[in-house]
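Summary of the model geometry
Here are the chains, one letter per residue:
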Amino acid sequence: MTLIYRLILLLVLLLVLRCMFRERSFWKQVTAAMVIVPIVLRLLMIK
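Residues numbered from 1 in each chain as written. Predicted model: local features only at pLDDT ≥ 70, side-chain atom pairs only at ≥ 80, totals over all residues. Heavy atoms only, no water.

Scanning the protein from terminus to terminus reveals 2 helices and 0 strands. For the C-alpha atoms alone, the extent of the protein along its principal axes is close to 35 × 20 × 10 Å. Residue burial in the protein is summarised as follows: out of 47 residues, 17% are buried. For the protein, the accessible surface area stands at approximately 4,200 Å², while carbon and sulfur atoms represent 73% of it. (Helix = DSSP H or I, 4+ residues; strand = E, 2+ residues; numbered from the N terminus. Buried < 20%, exposed > 50% of the residue type's maximum accessible area, 1.4 Å probe, protein only. Areas by Shrake-Rupley, 256 points an atom, 1.4 Å probe, with all protein chains shown as cover.)

The subject of this paragraph is the environment of Leu-9. When you line up the elements, Leu-9 lands in helix H1 (residues 2–22). Apart from the residues lying within four places of it in its own chain, the contact partners of Leu-9 are Ile-39, Arg-42 and Leu-43. (Contact = heavy atoms within 4.5 Å.)

This part takes up a nonpolar patch on the surface. On the surface, a cluster of nonpolar side chains totalling about 410 Å² of accessible area is made up of Val-37, Val-40, Leu-41, Leu-44 and Ile-46. Mapped onto the fold, Ile-46 is located in the segment after helix H2 (26–43). (Patch = residues over 30% accessible without salt bridge, like charges linked within 9 Å, V, L, I, M, F, W, Y side chains within 5 Å. Salt bridge = Lys/Arg side-chain N within 4 Å of Asp/Glu carboxyl O.)

To continue, consider H2. Counted at 1.5 Å a residue, the expected span for H2 with its 18 residues is 26 Å, and the 25 Å between its end C-alpha atoms agrees. Within H2, burial applies to Ala-32, Ile-36, Ile-39 and Leu-43. Contacts made by the buried residues of H2 are with H1. Of the residues one or two after H2, Met-45 is the one with positive phi, at around 60°. (Expected span 1.5 Å × (residues − 1).)

Have a look at this one:
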C-alpha cells in the first residue's frame, strides 16, 4: 500500500514540476514550488 501511495505522489510531483517549468508567470511558478514542498516531504515520509 505504501508503494502505491509513493508512486501516486511521484506522478503528481512530476506533473507539478512539468507545469512549473512550462509556466511563464513567475507567481504561478512560485505557487507550484509551494505545492512541491509538501509533496516531497510526503514522498520522503517526513511529517
